[in-house]
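Here are the chains, one letter per residue:
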There are 4 protein chains.
Amino acid sequence: MDQLVIADKTFNSRLFTGTGKFKSNELMENALVASGSELVTVALKRVDVDNPEDDVLAHLKHDQFNLLPNTSGARTAKEAVFAAQLAREALGTNWVKLEIHPDPKYLMPDPIETLQAAEEMVKQGFIVLPYIHADPVLCKRLEEVGCAAVMPLGAPIGSNKGLKTLDFLEIIIEQSNVPVVVDAGIGSPSHAAHAMELGADAVLVNTAIAVAGDPVAMGKAFGQAVEAGRAAHLAQIAQPRVTAEASSPLTGFLNQL
Amino acid sequence: MDQLVIADKTFNSRLFTGTGKFKSNELMENALVASGSELVTVALKRVDVDNPEDDVLAHLKHDQFNLLPNTSGARTAKEAVFAAQLAREALGTNWVKLEIHPDPKYLMPDPIETLQAAEEMVKQGFIVLPYIHADPVLCKRLEEVGCAAVMPLGAPIGSNKGLKTLDFLEIIIEQSNVPVVVDAGIGSPSHAAHAMELGADAVLVNTAIAVAGDPVAMGKAFGQAVEAGRAAHLAQIAQPRVTAEASSPLTGFLNQL
Amino acid sequence: MDQLVIADKTFNSRLFTGTGKFKSNELMENALVASGSELVTVALKRVDVDNPEDDVLAHLKHDQFNLLPNTSGARTAKEAVFAAQLAREALGTNWVKLEIHPDPKYLMPDPIETLQAAEEMVKQGFIVLPYIHADPVLCKRLEEVGCAAVMPLGAPIGSNKGLKTLDFLEIIIEQSNVPVVVDAGIGSPSHAAHAMELGADAVLVNTAIAVAGDPVAMGKAFGQAVEAGRAAHLAQIAQPRVTAEASSPLTGFLNQL
Amino acid sequence: MDQLVIADKTFNSRLFTGTGKFKSNELMENALVASGSELVTVALKRVDVDNPEDDVLAHLKHDQFNLLPNTSGARTAKEAVFAAQLAREALGTNWVKLEIHPDPKYLMPDPIETLQAAEEMVKQGFIVLPYIHADPVLCKRLEEVGCAAVMPLGAPIGSNKGLKTLDFLEIIIEQSNVPVVVDAGIGSPSHAAHAMELGADAVLVNTAIAVAGDPVAMGKAFGQAVEAGRAAHLAQIAQPRVTAEASSPLTGFLNQL
């Protein structure tokens, strides 16, 4: 069976999801369950770490879900490492989605701080999945310091623009020895399917599910699209052609005229 | 339930398929069954009309399938009408996919002959689904002469290039009072999902399934992708944004530092 | 020297221009002079045909300009032919830009009425340049009935979206035996240069010059871009490559380390 | 007059050029003169630093040209700094185009080594123009350590694919306080014009001129296109519109019918 393995975990679903922007925690729970997602990222901020009855966490207590705390809000390596330590203690997981974005407008990640934080986190025993620009050399360096996966962006976070970094994702997928998870920018199921068709190992979707008219239906649609894109990748997609070629023969019955 | 109605028929699947280019009729049958497709286009040429045991037809005898004979090979309205008449007699259906492409290299359809043939076929009692360029005015005229649906192309037949006519498909979908079926150029499940997300009523896929490494798996993937795209359309997709917006809050735990 | 010949006229500039949407006739005159354009299209409506002192025409009385009356506003072949006859009488030219767009929202051209009008106009001795969708088969049919050039659109009129019909323009340029003028949708000089690089014989620009912050500077910029694009086409552009190749050698001085 | 200032130099031309891949040094000289370029990058390797009669340099002895030695071939910050020192000594200029690309296949730049080298070079008194991925955060950091300009890539070097990083170039241009020079991937004059229209301060072109059928004509075409794109940027380009709007009025003469 086609499963995704990252570090010590095995996933049947290649759709990773986020928990921000939902209108309610109930809606979040229902949408994520419908999506089939098995890895859910959660910002430390959302979680009241001193309260075991925290509402967000309560809604994520499904066998289906593994939690992936993220360092969103960190602007430097030092802040990110601190956030990861807090998360480990609070949530009991050493998995971390490393995010460092100093720019409040476009939230683009910082390559320098990210590499530095990744190196330190790996040393401290974290399973590190860094969110980064679609920079092929940076991806290789993150792999070299021991990251468990790389998470290049498709477009700015929350932009819903799709795979604007297509040409670079192709290089990253070709060169990477760790799973490639396309994160940010995926605005519709067709974008997610496209990423999978290219050979990405997974995608992370948040905004596009959370702000849809019907987040539960949209979660399910993303789950299906990711499966379809993965299956198409495995079934080998034919390449685009310059000249057309008819599916149906051109001559034929006309001889009967 | 979300069903598609064209003329007198109701469809649960919005994936229409073609029968050309498969390596064998067995493979074709299995791929089309896996795709869930309920409308299958077949070129008259492929069918030995005098032989009730014809092999192509034998492989399409499933309750799942409705046949849509096409006029592929016709270069003029006259030839197309003749082909439709032959098909009606041979296959016992008055449905016809009207295709007229005089150019053997790119197989682009002829707008003038197509409109003329459509008008005549409607008069003769056919249910006409014309394959045409993504020309919004032509689509309206075909609707006005009584076509049951319009089938604008996404890209040249067999090119697998996807929705190259996107800007015009959007206009056609906005203006059409009959179902819009995107035909030709769809090369992967993500393309099919994209068409459905835009609001197309169905897509027709042939080459991309037939020439995939594994046509059965690809057929199934297309079926899923069309469902996902349709569901996303109904669930209301969020629009692309220029500025990013974090799914996770930017400040937060850092106050604890 | 590289000149464009259409029917009986020779052009040094491959930038055709329009006269709509300018803030004043003076501004229009200055922008069109600056653009170097030698063929200027004018809507019959703008011209007071009974008044030899008409202001629009007065501003176009330059040796540089040839007038190309258009049939904008016509919704049928009959209306277009009538408009052309009026224009011939009023402006003393048998050249006509044939435009028929029944749809008031997107102004997409009607292929059926356009072909019909073209055929009639050619019979009546007009030099006909039809504005049409980027439909390769329609272009061939217009050529066959005697049109002097074809004018496929790049994108909807006034949309400034550029060459959205790229894949079809390439086919048209490859197959046409008459000059191909890309008309509509060209929103910036880079779009115009792109059309010329593909091998288009000329472009027609109106909105993008007329509504620019500085129409005179923009007119000049378009003139330069069209020259640059044409020169690049003649100088043979290298094709895109999948793999990078360094302009500078990779090894070298490092041996000295 | 619209001039570009970088560090202590003023440029009338915003087209920077490279010297690789030309069939001969004569052809290179003629093409670069025709292009109007005033800043020419040269790989240290090409130059025989011990030979004052070196042929490449001899062909670049024009008042028109300023030399910009590059560190192509360097795989680490250390190698790049060494290369810059060699170049300063050999060519008598403290300007340097900083390039570090460890990957021999796609030649993508290394963000970590580049920032480190830039910091060191600035300390050593160099005028540093780093070639980098279109990474907005990295651009800001390079600006902060004192780089005189930033040179984000449009697409992989030598790929001729154009502005594949468009969405990120827009952010970089919006945020940068130093000149932005789009480098790599520009394959035709329309690509160069497009970069200028976006607001880039300059572009660097090498392969597309060097390997054109006629490099001298292509050099001139690029020069024109860069001027046109810059002029269009200054003249304020109108934004794309969703709905069409006629340049010519829709009704009008038809009232006379």
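No experiment lies behind these values; they were computed from the predicted model shown.

How each quantity is defined
Residues numbered from 1 in each chain as written. Chains lettered and ligands numbered in written order. Predicted model: local features only at pLDDT ≥ 70, side-chain atom pairs only at ≥ 80, totals over all residues. Heavy atoms only, no water. Helix = DSSP H or I, 4+ residues; strand = E, 2+ residues; numbered from the N terminus. Contact = heavy atoms within 4.5 Å. Areas by Shrake-Rupley, 256 points an atom, 1.4 Å probe, with all protein chains shown as cover. Buried area = accessible area lost by both parts, 1.4 Å probe. Salt bridge = Lys/Arg side-chain N within 4 Å of Asp/Glu carboxyl O. Polar contact = N/O pair within 3.5 Å; in protein donor to acceptor, adjacent residues only side chain to side chain. Nonpolar A, V, L, I, M, F, W, Y, C, P; charged D, E, K, R; others polar. Least-squares fit on C-alpha atoms with pLDDT ≥ 70 in both. UniProt positions renumbered as here; feature names shortened; annotations may be inferred. Buried < 20%, exposed > 50% of the residue type's maximum accessible area, 1.4 Å probe, protein only. Expected span 1.5 Å × (residues − 1). Disulfide = S-S within 2.5 Å. pLDDT = per-residue confidence, 0-100. Axes fitted to C-alpha atoms, helices over the stretch in contact; angles between N-to-C directions. Parallel < 35°, antiparallel > 145°, perpendicular 65-115°, else oblique. Left-handed = near helix turned anticlockwise from the far one by under 90°. Phe/Tyr/Trp six-rings, centres within 6.5 Å; stacked < 30°, edge-to-face > 60°. Lys NZ or Arg CZ within 6 Å of the ring centre and 35° of its normal. Pairing = 2+ DSSP bridges. Right-handed = clockwise from strand over helix to strand, strands pointing away.

For the overall build of chain A, give the residues involved together with the corresponding values.
Counting secondary structure elements, chain A contains 9 helices and 10 strands. Partitioning the intrachain contacts of chain A with sequence separation of at least 6 by distance along the chain shows that 65% fall at a separation of at least 24. Working note: accessible area of chain A is about 8,800 Å², and carbon and sulfur atoms make up 47% of it.

Break down the interface of chain B and chain C for me, citing the residues and quoting the values.
Frequently, the measure chosen for interface size is the accessible area that the parts lose on association. The interface is formed by 29 residues belonging to chain B together with 29 residues belonging to chain C. With both sides pooled, the region where chain B packs onto chain C buries about 2,500 Å², and carbon together with sulfur makes up 62% of that total. A per-residue breakdown of the area chain B buries against chain C is headed by B:Ile112, B:Val137 and B:Phe168, which together make up 23% of the total. Seen at the junction of chain B and chain C, the total is 8 salt bridges. Counting across the interface, chain B meets chain C through 14 residue pairs in polar contact (both at pLDDT 80 or more). Broken down by secondary-structure element, the contributors of at least two residues to the side of chain B that touches chain C are helix H4 (111–123), helix H5 (136–144) and helix H6 (166–175) of chain B. A per-element tally of the side of chain B that touches chain C places H6(B) first, with 5 residues. Along the lines of polarity and charge, the residues of the side of chain B that touches chain C split into 16 nonpolar, 3 polar and 10 charged.

Talk me through the relation of the copies chain B and chain C; I want residue IDs and the actual numbers.
If you rotate chain B by 180° and push it 0.0 Å along the axis, it lands on chain C with an RMSD of 0.0 Å. Here the transformation between the copies is reduced to the relation of a two-fold axis. Taking the C-alpha atom as reference, chain B places B:Ile112 closest to the rotation axis, 3.0 Å from it.

Outline the UniProt feature "binding site: 1-deoxy-D-xylulose 5-phosphate" (unreviewed entry) in chain A, listing residues and values.
Residues and elements named next belong to chain A. Per the UniProt record, "binding site: 1-deoxy-D-xylulose 5-phosphate" (unreviewed entry) is annotated on Gly-158, Ala-184, Gly-185, Asn-206 and Thr-207. Annotated residues spanning 50 residues; largest pairwise C-alpha distance 9.4 Å, indicating a single compact cluster. Mapped onto the elements, Ala-184 comes out in the loop between strand E9 (181–183) and helix H7 (189–198). Classification of Ala-184 by relative accessible area gives buried; the value is 9%. Excluding its chain neighbours within four sequence positions, the residues that come into contact with Ala-184 are Tyr-131, Leu-153, Gly-154, Ala-155, Ile-157 and Leu-204. Among the secondary structure elements, Thr-207 is positioned in helix H8 (residues 207–210). Looking at Thr-207, its side chain comes within polar contact range of the side chain of Lys-21, at 3.1 Å.

So what's going on with H4(B)? Residues and values would help.
The terminal C-alpha atoms of H4(B) lie 19 Å apart, and with 13 residues this matches the ideal 18 Å at 1.5 Å per residue to within 8%. Burial in H4(B) covers these residues: B:Pro111, B:Ile112, B:Glu113, B:Thr114, B:Leu115, B:Ala117, B:Ala118 and B:Met121. Check the buried side of H4(B) and you find it contacts helix H3 (77–91), strand E6 (95–98), strand E7 (127–132) and H5 of chain B together with helix H4 (111–123) and helix H5 (136–144) of chain C. The N-capping residue of H4(B), defined by a side-chain oxygen 2.9 Å from the backbone nitrogen of B:Ile112, is B:Asp110. Positioned one or two residues after H4(B), B:Gly125 has a phi angle of 90°, which is positive.

How would you summarise the state of the cysteines if you had to cite specific residues and measurements?
Residues and elements named next belong to chain D. Under the criterion given, the structure shown has 0 disulfides over all chains. Here Cys-147 is not disulfide-linked; the sulfur of Cys-139 is the nearest cysteine sulfur, at 9.5 Å. For Cys-147, a relative accessible area of 3% gives the class buried.

An account of the UniProt feature "active site" (unreviewed entry) in chain A is needed here, citing residue identities and associated values.
All names here are of chain A. UniProt records the feature "active site" (unreviewed entry) for Lys-97 in the present numbering. Tracing the backbone through its elements, the reader meets Lys-97 in strand E6 (residues 95–98). Residue classification places Lys-97 among the buried residues on the basis of a relative accessible area of 4%. With residues up to four places along the chain from it excluded, the contact list for Lys-97 reads Thr-41, Leu-68, Pro-69, Asn-70, Thr-71, Leu-129, Tyr-131, Met-151, Asp-183 and Leu-204.

Lay out the confidence of the model for chain A with the relevant residues and their values.
Any segment with low pLDDT has predicted coordinates that should not be analysed in fine detail. On average, residues of chain A score 90 in pLDDT, and 89% of them reach the 70 mark or higher. In this model residues 249–257 of chain A is a low-confidence stretch, pLDDT under 50, and it forms 26 contacts with partners more than four residues away in sequence or in other chains.

An account of unusual backbone geometry is needed here, citing residue identities and associated values.
Residue and element names in this part refer to chain C. Although it is not a glycine, Leu-107 adopts a positive phi angle of roughly 55°. As for its placement among the helices and strands, Leu-107 is situated in the loop between strand E6 (95–98) and H4. Look at Leu-107 and you get buried, because its relative accessible area is 2%.

Describe the packing of helix H5 (residues 136–144) of chain A against helix H6 (residues 166–175) of chain A, naming the residues involved and giving the relevant values.
Residues and elements named next belong to chain A. One can describe the packing of H5 onto H6 by two numbers: an axis separation of 9 Å at closest approach and a directional angle of 30°. Between H5 and H6, the angle falls in the class roughly parallel. Two packed elements cross with a definite hand, and for H5 against H6 that hand is right-handed. When H5 is examined against H6, the residues Pro-136, Cys-139, Lys-140 and Glu-143 are found in contact with a partner set consisting of Phe-168, Ile-171, Ile-172 and Gln-175. Class assignment for the residues of the contact of H5 with H6 results in 5 nonpolar, 1 polar and 2 charged.

Account for helix H7 (residues 189–198) of chain D, with residues named and values stated.
Within H7(D), 8 of the 10 residues are buried, which leaves it mostly tucked inside the rest of the structure. Considered for burial, the residues of H7(D) that qualify are D:Pro189, D:Ser190, D:His191, D:Ala192, D:Ala193, D:Ala195, D:Met196 and D:Glu197. Buried-residue contacts for H7(D) involve helix H7 (189–198) and helix H9 (215–234) of chain C together with strand E9 (181–183), strand E10 (202–205) and helix H9 (215–234) of chain D. Downstream of H7(D) by a residue or two, D:Gly199 has a phi angle that is positive, lying close to 110°.

I'd like to hear about the packing of aromatic side chains, residue by residue, with values.
Per the counting criterion, the structure on display carries 8 aromatic pairs over all chains. Note on A:Phe11 and A:Phe16: the rings are 5.6 Å apart at their centroids and 55° apart in plane angle, and the pair reads as tilted. Cluster of aromatic residues (ring-pair linked, three or more members): A:Phe11, A:Phe16 and A:Trp95. Between B:Arg88 and the ring centre of B:Phe126, over which it is positioned, the NZ or CZ distance is 3.8 Å.

Could you give an account of the environment of C:Gln64, naming the residues involved and the relevant values?
All names here are of chain C. Mapped onto the elements of the fold, Gln-64 is located in the loop between helix H2 (55–59) and strand E5 (66–70). Since its relative accessible area comes to 25%, Gln-64 is described here as partly exposed. Distance in space between the C-alpha atoms of Gln-64 and Phe-11 is 10.0 Å, their sequence separation being 53 residues. With residues up to four places along the chain from it excluded, the contact list for Gln-64 reads Leu-32, Val-33, Gly-36, Ser-37 and Glu-38. A polar contact of 2.9 Å, which involves the side chain of Gln-64, links it to the backbone oxygen of Ser-37.

Can you explain the pattern of salt bridges? Please cite residues and give values.
Inspection of the entire model under this criterion finds 40 salt bridges over all chains. Across the pair B:Lys105 and C:Glu174 runs a salt bridge, and its minimum N-O distance is 2.5 Å. Of the two residues, B:Lys105 is situated in the loop between E6 and H4 and C:Glu174 in helix H6 (residues 166–175); the pairing between them involves two chains. Accessibility expressed as a relative area gives 43% for C:Glu174, which makes it partly exposed. Here C:Lys140 ties to C:Glu143 by a salt bridge, and the two come within 3.2 Å at their closest N and O atoms.

Describe the side chain of D:Thr93, with residues and values.
All names here are of chain D. Along the polypeptide, Thr-93 turns up in the loop between helix H3 (77–91) and strand E6 (95–98). Within polar-contact distance, the side chain of Thr-93 engages the backbone nitrogen of Trp-95 at 3.0 Å. Here Thr-93 is in contact with Leu-67, Pro-69 and Arg-88, once residues within four sequence places are set aside.

A description of the pairing of strand E3 (residues 15–18) of chain B should follow, citing residues and the corresponding values.
Residues and elements named next belong to chain B. On E3, burial covers both faces: Leu-15 and Thr-17 on one face and Phe-16 and Gly-18 on the other are all buried. Taken together, the 3 bridges between E3 and strand E10 (residues 202–205) define a ladder with parallel strand orientation. Within E10, the position partnered with Thr-17 by the bridge is Val-205. In this structure, E3 lies alongside strand E4 (residues 39–43), joined through 3 bridges in parallel fashion. Residue pairing across strands places Phe-16 opposite Leu-39, the latter belonging to E4. Crossover E3 to E4 through helix H1 (residues 25–35) is right-handed.

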